[in-house]
Each structure stands twice: as structure tokens, then as C-alpha cells.
Amino acid sequence: MRHNFGAGPCILPQEVFKQASQAVLDFKDGLSILEISHRTAEFEAVVEETVKLIKELMDVPSGYSVVLLQGGASLQFSMVPMNLLPEGGTAAYLETGVWANKAIKEVKVFGTANVVASSKEANFTYVPKDYVIPEDSAYFHCTSNNTIYGTELFSFPKTNVPVVCDMSSDIMSRVIDVSQFDLIYAGAQKNIGPAGLTIAIVKDEILGKSGRKLPSMLDYKVHIDGGSMYNTPPVFSIYVAMLNLRWLKAKGGVAEIEKENKAKAEALYKEIDRNPLFKGTCAVEDRSRMNICFVMENPELEKPFLKFAEENGVEGIKGHRSVGGFRASIYNALPITSVHALIELMQIFAEKHQ
Ligand SMILES: *Cc1c(COP(=O)(O)O)cnc(C)c1O
């Protein structure tokens, strides 16, 4: 049994893998999901159900559109300013990690990024909380979960400025109030499905105001009007995402998975805090429930622990190179039994190295 703590692409439920592989062989009358036209009624129904499940699971209010895109969250770093930032405009950004930083870099192609706060000086180990968003900002951008550093935003600013959020690594892991946001985007491959699909939830009234001429493929409105089928969508990724969203719904939805995610995170942090060999890397109040970063008191033991973990079925816990140590990603589909398996290995290792 392998326990997959990889940060992304990442674990999906076993039953989703089984159903997906069945559809590769026979989706409809012996035809594979990989060969059918995206214009068939059967596939149009898949897109429709996927969008419906996203709306349902996230309780998306009316006045918002859900669109299925490509290019990853990284293309959203550019699409957001292209669609929302007027010529000569300024947008406010909260710099909480590498992904936020990459988003800031793209804005500079189109206008000015005003970094309202940053935790860069502390290697992004906390989330800045005291900052002011200037009223004349075209929008405010934040990253709800900092995948690399293991911090998460548990509150979002109340402001009259449109709020844009990169939720790639914690979307549908916890209940959020969509009406607090004007644009949410996420690459699917952390919590929703396989790589290749990007989701955007857009408040309709914020579009069409930047005054820029946009290439069709980079215009949210074109994709919304085209029902996420302006061009050939990532058929298989959407299909697998739909299966995963069905799984989430059957489990009781986001509120239920949030309880499990809390329990998983609490159990692992408890062990990190208790075990004399390990320590967490982030401010306790900002600790992510999706990506748990920790190091060892004695860095020389890190390689041996990694090897010990891998030999015992624990995959993907090597920390990102900018943090070092370990990162256990405990996305929705990772069962609590996998967290218990990791905790047990930490305990056994500690006994051997006292
Ligand atoms: C993984 C990740 C990205 C990058 O996503 P791509 O789909 O690879 O472009 C951006 N933001 C966050 C928060 C991420 O975790």
C-alpha cells in the first residue's frame, strides 16, 4: 500500500481511477472517452454536470459564471490583469509565496502591481494581516493556500475593491463564501481532478470594464458565452473531475470533507509538535490544512527519515527546495489512515533515534 502525499498532481480517490479507466475503454457504445467528439450530447452532458456540481458544492450564488479553462493557474496570472486591469491601472497584491510572486510578475506586463504586504522577509512562513487596500485598486489578489510554504488564509479582507483569489490548492477543501470574492480560479490538479483543467468562478458584473482588446482565448466572456466549449476542451480531465466531484458530493460535500481535512491536519500537527525530532515551519495560526511543512531539529536526520518513509510506503513528502525538510500534502482524497501511517513512522523513527 502506497500513501501518496504528493503536492500535485496528486491523489484522487481509487474509485475515480477505476471509473476513469473504464471510460477509457468504453464511454459510450464501445467508444472511448478519448475518442468521442466534445460536441456529442453525451459529452455536453459531462460539461453541464461538472459545472452544476461546482456550483452546488461551492454554493455559487446567482450572478456568477463557472468556466472550464486550460493553461493552468499560471495562465490566470495573466488573464486576470488582461480582463480586469484598465490601461495604466494598478492592482493590489498580497505576496504570500512563490505563486503570489509569479502572479505579481505577470501584472507588470499590463500595468502596475502594488504589493500591499509581503512575508517574503520571513521566507513566507506567515500570512500578513495588517494592510490597506487602496480604494482605487482595479482589484485585490490573494492566494488562499500557499502550497509551497504551508500557510493558509483563514480570513479575507472586506473591501469595496473586487477580490480575486487563487484557490488552486485548497478549493473545495473547506467551506468558503463565494460572495466574498469576485473571481476565484484554480488549477484542477490539486483537489479537483487531473492536470489540464483550470476552473474559474467569475462574477459577471466585473467583466468588460478594462477597455482592453483581448485575444478570444484569453477573454473570460468568450469562454462563458461558449459554455466552456469555445474550443476543444480538455475532455478527459473534465470527465475525471466530474467523477471526483460526484465522489465529493456522495461523501456529503465540502462541509463534510472539511471536517475530515481538519481531523487529518490536527493529527499530523499534533505529532509534529509532540515529537522531539520534528518541528513545524509556519506560524501556528496560519498553518495550512492542505500542505503541512515541517523539518527536523537535526537536519542530518532528514535524509534517513525520507528514506525510511519511502521504504514504508510513504510517497511524496520531500519538501519543496525553497523550504527543505518535508511537506505532507493531505488533499481531499488522502484518507486519514495514510496520515496515521505517516505519524506511526515518525514515532518509530523517533524511538530509534533518541
Ligand atoms: C500549483 C499552483 C499553481 C500553479 O498551477 P498550474 O496549474 O501548474 O499553473 C498556482 N497557484 C497555486 C496556489 C498552486 O498551488
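Note that the coordinates shown come from a computational prediction; the quantities given were computed from them, not determined experimentally.

Details of helix α8 (residues 302–311)
Taken as a whole, α8 has its buried residues at E302, F305, L306, F308 and A309. All buried residues of α8 fall inside an arc of 165° around its axis, so they share one side. Residues of α8 that are exposed and point over 90 degrees away from its buried face: K303, K307 and E311. Close packing links the buried residues of α8 with β11 (278–280), β12 (291–296), β13 (314–315), β14 (326–329) and α9 (336–352).

Concerning the pairing of strand β10 (residues 198–203)
Counting buried residues along β10, five of its six residues qualify, which places the element largely inside the surrounding structure. The sheet contact formed by strand β9 (residues 183–187) and β10 spans five bridges and is antiparallel. Looking at β10, one finds that G187 is bridged to T198.

Section: the sheet that holds β12
Judged by pairing direction, the sheet is antiparallel, and its three strands sit side by side in the order β11-β12-β14 without closing on themselves. Strands at the two margins of the open sheet, each flanked by one partner only, are β11 and β14. On average, each strand axis in the sheet is tilted by 35° relative to the strand beside it, whichever way the strands run. In terms of strand pairing, β12 meets β14 through four bridges, oriented antiparallel. Bridging across to β14, N291 finds its partner in S329.

Observations regarding the site of the ligand
Taken together, 13 residues surround the ligand, and among them S74, T147, D166, Q189 and K190 come closest. Between A73 and the ligand, the recorded distance is 3.1 Å, taken from a backbone N or O atom to an oxygen atom. K190 is positioned with one of its side-chain polar atoms (N or O) 2.6 Å from an oxygen atom of the ligand. Expressed as a share of its isolated accessible area of 390 Å², the protein-covered part of the ligand is 88%. The element best represented in the shell around the ligand is helix α3 (residues 72–84), accounting for four residues. Among the residues forming the shell around the ligand, the class breakdown is three nonpolar, eight polar and two charged.

Describing the packing of α3 against helix α4 (residues 98–110)
One can describe the packing of α3 onto α4 by two numbers: an axis separation of 8 Å at closest approach and a directional angle of 40°. Our classification of the angle between α3 and α4 gives oblique. The interaxial crossing formed by α3 with α4 has right-handed handedness. Counting all contacts with α3, which are made through S74, F77, S78, P81 and M82, the residues of α4 involved are W99, K102, A103, E106, V107 and F110.

A short note on the domain arrangement of the protein
In many reports, interface size means the accessible area that the parts give up when they come together. Split by domain assignment, the protein resolves into domain 1 (14–251) and domain 2 (253–353). Its C-alpha centre places domain 1 at a distance of 27 Å from the equivalent point of domain 2. Domain 1 puts 26 residues into the contact, and the matching count from domain 2 is 27 residues. Overall, the association of domain 1 and domain 2 removes approximately 2300 Å² of surface from exposure, summing both partners, and the carbon and sulfur fraction of that is 54%. Area buried by domain 1 at its contact with domain 2 is led by I148, F154 and K251, which between them contribute 22% of it. Put simply, domain 1 and domain 2 have two salt bridges between them. D286 is the salt-bridge partner of K129, the closest N and O atoms lying 2.9 Å from each other. In this structure, the connection of domain 1 to domain 2 is made through 16 residue pairs in polar contact (both at pLDDT 80 or more). Looking at the side of domain 1 that touches domain 2, the elements with two or more residues in it are β7 (151–152) and α6 (235–250). Element by element, the count of residues in the side of domain 1 that touches domain 2 is highest for α6, at three residues. Split by residue class, the side of domain 1 that touches domain 2 holds ten nonpolar, nine polar and seven charged.

What counts and how
- Residues numbered from 1 in each chain as written.
- Predicted model: local features only at pLDDT ≥ 70, side-chain atom pairs only at ≥ 80, totals over all residues.
- Heavy atoms only, no water.
- Buried < 20%, exposed > 50% of the residue type's maximum accessible area, 1.4 Å probe, protein only.
- Helix = DSSP H or I, 4+ residues; strand = E, 2+ residues; numbered from the N terminus.
- Arc of directions from axis to C-beta.
- Contact = heavy atoms within 4.5 Å.
- Pairing = 2+ DSSP bridges.
- Axes fitted to C-alpha atoms, helices over the stretch in contact; angles between N-to-C directions.
- Near = heavy atom within 4 Å.
- Polar contact = N/O pair within 3.5 Å; in protein donor to acceptor, adjacent residues only side chain to side chain.
- Areas by Shrake-Rupley, 256 points an atom, 1.4 Å probe, with all protein chains shown as cover.
- Nonpolar A, V, L, I, M, F, W, Y, C, P; charged D, E, K, R; others polar.
- Parallel < 35°, antiparallel > 145°, perpendicular 65-115°, else oblique.
- Left-handed = near helix turned anticlockwise from the far one by under 90°.
- Domains from an automatic or database assignment.
- Buried area = accessible area lost by both parts, 1.4 Å probe.
- Salt bridge = Lys/Arg side-chain N within 4 Å of Asp/Glu carboxyl O.

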